[in-house]
Amino acid sequence: MKYLSVRSRFLIILLCISFFGVLPANAQNLTWKCVKQADNIRVYSRKSDSANYRIIKVTTQLKTTLSSLVMLVTDFPNNKNWVFMNNKTEILERNNPHSWILYNQTDVPWPITDRDIISRTVLSQDSITKIVTIRGEAIPKYRPVDPNYVRIPFARSQWRFIPLKDSLVDVEFTLELDVGGNIPRWLANMTATKGPYQTMRKFRKEIRRKKYHDAHLYFIKEP
């Protein structure tokens, strides 16, 4: 792997694990600060109420369907096309269309050790508002640690697809995590915003592909 600066190397870790987990129930009580705005994407940041990490929220708006968005996010083998530096995403367990246990590997440039994460991910839809939420949470002890990887000990995030008028959908992604290992916390907080932004940019491009554009999922109700 090519040499990158410490800042860039850590950024790549954040990009690779960008969509696993859940948002704390009381997280909405604190104020968000907009730290980046470009390409119809806004990035917000605030301090976690449970640790000294930053929570990042990325928002955008797309003219699409809820089925298309769900199809893209849950097409896990395709993660490598829009989650930067994703090396592998494997479904370890799936009992129904609404929940998964996932294993994800990231190929991180030297000298930082590659990371992996196991997460429980759950999809739900509000029957009245039609808002779709995809949540999960890191479950690091689900299976033994591979000695070639550093296991992500904590990750929480949330996708929300909020239908509007005229086929528009507000897309919101929230991320909080501890990447594990000997990476300074201040560096994690400093670099966290750029990674989710780049992932959302690729997300916006990927949703235009025909297989997502034409998606119709029987368990998703459109407004």
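In the block above lies the structure referred to throughout.
Not measured: the values here are computed from a predicted model. (Residues numbered from 1 in each chain as written. Predicted model: local features only at pLDDT ≥ 70, side-chain atom pairs only at ≥ 80, totals over all residues. Heavy atoms only, no water.)

Undergrad: Can you help me understand the pairing of strand 3 (residues 54-63) in this one?
TA: Put simply, side chains in a regular strand alternate between the two faces of the sheet. Extensive coverage of strand 3 is indicated by the burial of 7 of its 10 residues. In this sheet, strand 3 lies alongside strand 2 (residues 41-47) in antiparallel orientation, the contact comprising 7 bridges. Along strand 3, the bridge assignment pairs Ile-41 with Thr-60. Pairing of strand 3 with strand 10 (residues 168-178), which is carried by 8 bridges, proceeds in the antiparallel orientation. (Buried < 20%, exposed > 50% of the residue type's maximum accessible area, 1.4 Å probe, protein only. Helix = DSSP H or I, 4+ residues; strand = E, 2+ residues; numbered from the N terminus. Pairing = 2+ DSSP bridges.)

Undergrad: Mind showing me how you'd approach the pairing of strand 9 (residues 154-163) here?
TA: Of all 10 residues in strand 9, 7 are buried; the element is thus mostly enclosed. The sheet contact formed by strand 9 and strand 10 spans 10 bridges and is antiparallel. What sits directly across from Trp-159, in strand 10, is Phe-173. With antiparallel pairing between neighbouring strands as the criterion, strand 9 and strand 10 make up a hairpin whose turn holds 4 residues, including Asp-166 at a positive phi of roughly 60°.

Undergrad: Can you walk me through the nonpolar core in this structure?
TA: Buried together is how nonpolar side chains tend to be arranged in soluble globular proteins. Grouped together as the largest cluster of nonpolar side chains are 38 residues, with contacts concentrated most on Trp-159, Phe-161, Val-171 and Phe-203. The residues touching Val-171, leaving out its near neighbours within four places in the chain, are Val-58, Thr-59, Thr-60, Leu-62, Leu-69, Trp-159, Arg-160, Phe-161, Met-200 and Phe-203. Among the nonpolar cores identified, the runner-up in size contains 5 residues, and Tyr-103, Ile-118, Ile-139 and Tyr-149 belong to it. (Core = buried A, V, L, I, M, F, W, Y, C linked by side-chain atoms within 4.5 Å. Contact = heavy atoms within 4.5 Å.)

Undergrad: Could you clarify how one ought to interpret the environment of Thr-64 in this entry?
TA: Note on placement: Thr-64 falls in the loop between strand 3 and helix 2 (66-74). Given the relative accessible area of 14%, Thr-64 is considered buried. Residues contacting Thr-64, with those up to four places away along its chain left out, are Leu-69, Ser-167, Val-169 and Ile-207.

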